[in-house]
Amino acid sequence: MATVAIPAAKWNWVPPYPQVRTANNLDADAQLVERCLAGQDAAWEDLVKVHTRRVYSICYRFTSSDAEAQDLTQDVFLRVFKNLRSFRSGEGLFVVWLTRLTRNLLIDHYRRSRMDRATESIEDQVKMLEETTAVLSRTDGMLAGREASEVLQAGLQKLSPELRETVILRDLEELEYREIAQVLNVPEGTVKSRLNRGRAELARVLRRHKVRI
Amino acid sequence: MTCAELEILLCDYVDGTLRAEERTVLEGHLAGCSACAELAKDVTGVTAFIETVAPAEPPAELLTRILHELPIGRPSTEKRSWWRKWIGGWVHGMLQPRYVMGMAMTVLSFSMIAKFAHIEPRQLRPSDLDPVKIWAGIDDRTHRMWDRTMKYYDNLRLVIEIQSRLKEWTDQEQAQNAEGSKQKATVSSGQKAEGSGQKPEAGTSEKKR
């Protein structure tokens with residue numbers, strides 16, 4: 001079976017986190033929220049358009065199911081619609097508020113579906129592993145794009161929910177440590193500790209899947 | 001620097017936000033500690049790998065679905081007075097598909113009952129709204145319907161059979177009762193006759209004593 005290489009780790013690289021959320025974006029969020037609270041329908045459309053991708057991405061990475069991620073994304077926005085008045089722009093960023101809401105919904109969903117996961121058949125797990133291995137065997141160079149996404153998805157599912165959500169929020173959603181601490185309601189040091197453990201665990205899982213780290 | 005201290009700074013090191021002197025100390029520790037060096041390698045390797053991952057894109061129809069499901073256009077975000085909320089709740093409830101369906105079924109059921117009861121719909125006139133006339137009409141219709149129902153019930157074959165069987169049983173019972181009372185009467189009259197014959201004998205025997 002071909003071993004797949006990923007870019008070698010560099011000790012002195014440039015931070016991989018571009019400043020996606022600029023001051024303008026934050027202002028735009030605050031204005032959008034104000035317009036939504038004023039009852040402007042167009043503002044709601046804009047709010048959904050701007051944030052659907054982020055919410056869906058978090059849900060998909062956490063659940064690893066497109067259907068569940070879609071349903072959860074819809075639930076998140078329904079909850080936003082009902083509870084937007086509880087958001088105070090002076091107390092924090094809308095993105096953090098939205099992410100916390102999404103995370104709480106995901107944790108509820110995780111607890112609810114615990115029984116389903118427990119009864120998941122061994123055949124399904126074997127099938128998932130075989131599919132991932134098939135993806136790897138097709139590639140003869142660096143993993144990238146969709147294939148890397150599938151491998152990462154399989155790896156994330158092996159992590160505990162605590163480590164998984166931290167890795168998702170930092171490495172995929174690019175939130176600051178302070179923001180992640182607010183979302184998870186834990187100290188910043190705990191966030192960093194979980195992130196180190198999550199990344200190390202993920203590296204072990206990926207190595208088991210023949211991905212060279 | 002200890003391993004625990006390194007772990008705290010590792011995230012900032014991976015991000016490239018560590019100060020130069022801290023970084024030098026950290027790299028010095030990594031050079032001498034294989035466990036920390038492996039951890040740092042894993043962490044940086046995974047971060048580099050995640051960079052190559054394609055973002056999870058939501059399907060195009062999801063946006064439409066969310067916008068369709070959101071109750072946009074309804075004044076739920078405005079502060080409403082209690083009576084508007086109350087009325088809004090009623091109106092909202094009445095506009096629910098299942099309520100409308102229920103109403104449609106009720107109308108259909110009533111129209112079917114009216115058809116079977118031969119209540120013909122016709123154009124309303126002002127004189128039809130006279131309460132006395134309405135009451136008389138309802139009373140008349142009720143009596144007619146009652147009579148018709150009773151007639152229909154009486155004409156049912158099963159009912160006739162049960163009634164005739166009941167009548168038969170009642171006749172038989174009456175006949176048996178009549179026969180029984182007749183026998184009792186004959187027995188009692190015979191006993192009376194016997195009693196009247198014996199008494200004088202008893203009297204005579206007493207007298208004899």
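Above this text you will find the structure in question.
Residues numbered from 1 in each chain as written. Chains lettered and ligands numbered in written order. Predicted model: local features only at pLDDT ≥ 70, side-chain atom pairs only at ≥ 80, totals over all residues. Heavy atoms only, no water.

Draft legend 1. View of the interface of chain B and chain A. Across the boundary between the two partners, chain B contributes 47 residues, which contact 58 residues of chain A. When the two sides are added together, the surface that chain B and chain A hide from each other amounts to roughly 4700 Å², 67% of it contributed by carbon and sulfur. The interface formed by chain B and chain A includes five salt bridges. Here Glu57(B) and Arg53(A) are joined by a salt bridge, their closest N and O atoms 2.9 Å apart. Counting across the chain B and chain A interface gives ten residue pairs in polar contact (both at pLDDT 80 or more). Of all elements in the fold, only α1 (3-15), α2 (20-32), α3 (34-51) and α4 (60-69) of chain B reach the threshold of two or more residues within the side of chain B that touches chain A. Among the elements that make up the side of chain B that touches chain A, the one with the highest residue count is α3(B) (14 residues). Taken together, the residues of the side of chain B that touches chain A sort by class into 27 nonpolar, eight polar and twelve charged. (Contact = heavy atoms within 4.5 Å. Buried area = accessible area lost by both parts, 1.4 Å probe. Salt bridge = Lys/Arg side-chain N within 4 Å of Asp/Glu carboxyl O. Polar contact = N/O pair within 3.5 Å; in protein donor to acceptor, adjacent residues only side chain to side chain. Helix = DSSP H or I, 4+ residues; strand = E, 2+ residues; numbered from the N terminus. Nonpolar A, V, L, I, M, F, W, Y, C, P; charged D, E, K, R; others polar.)

Draft legend 2. Spotlight on α2(B). All names here are of chain B. For α2, built from 13 residues, the straight-helix expectation of 18 Å at 1.5 Å per residue is met to within 8% by its first-to-last C-alpha distance of 19 Å. Every buried residue of α2 is listed here: Leu26, His29 and Leu30. Seen along its axis, α2 keeps its buried residues to an arc of 100 degrees; they face one direction. Among the exposed residues of α2, those oriented more than 90 degrees off its buried face are Ala20, Thr24, Ala31 and Gly32. Here the buried face of α2 lies against α1 and α3. (Expected span 1.5 Å × (residues − 1). Buried < 20%, exposed > 50% of the residue type's maximum accessible area, 1.4 Å probe, protein only. Arc of directions from axis to C-beta.)

Draft legend 3. The arrangement of the pattern of salt bridges in detail. In this structure the tally under the stated criterion is 17 salt bridges over all chains. The salt bridge involving Arg103(A) is made with Glu165(A); its shortest N-O contact spans 3.0 Å. Placement of the pair is Arg103(A) in helix α4 (residues 94-112) and Glu165(A) in helix α8 (residues 161-172), with a sequence separation of 62 residues. Owing to a relative accessible area of 5%, Glu165(A) belongs among the buried residues under this scheme. Across the pair Arg23(B) and Glu27(B) runs a salt bridge whose closest N-O atoms are separated by 3.8 Å. Taken as a pair, Arg23(B) and Glu27(B) lie in helix α2 at a separation of four residues, close to a single helical turn. Residue classification places Arg23(B) among the partly exposed residues on the basis of a relative accessible area of 29%. With a relative accessible area of 29%, Glu27(B) lands in the partly exposed category. The structure contains a network of salt bridges with shared partners spanning Arg19(B), Glu21(B) and Glu22(B).

Draft legend 4. Structural view of the packing of helix α10 (residues 188-208) of chain A against α1(B). Between α10(A) and α1(B), the shortest axis-to-axis distance is 9 Å and the interhelical angle comes to 75 degrees. The angle between α10(A) and α1(B) falls in the class roughly perpendicular. Along its contact with α10(A), which presents Lys192(A), Ser193(A), Leu195(A), Asn196(A) and Arg199(A), the element α1(B) presents Glu7(B), Ile8(B), Leu10(B), Cys11(B), Asp12(B) and Val14(B). By residue class, the composition of the contact of α10(A) with α1(B) is five nonpolar, two polar and four charged. (Axes fitted to C-alpha atoms, helices over the stretch in contact; angles between N-to-C directions. Parallel < 35°, antiparallel > 145°, perpendicular 65-115°, else oblique.)

Limitation: the analysis is restricted to geometry and does not speak to function.
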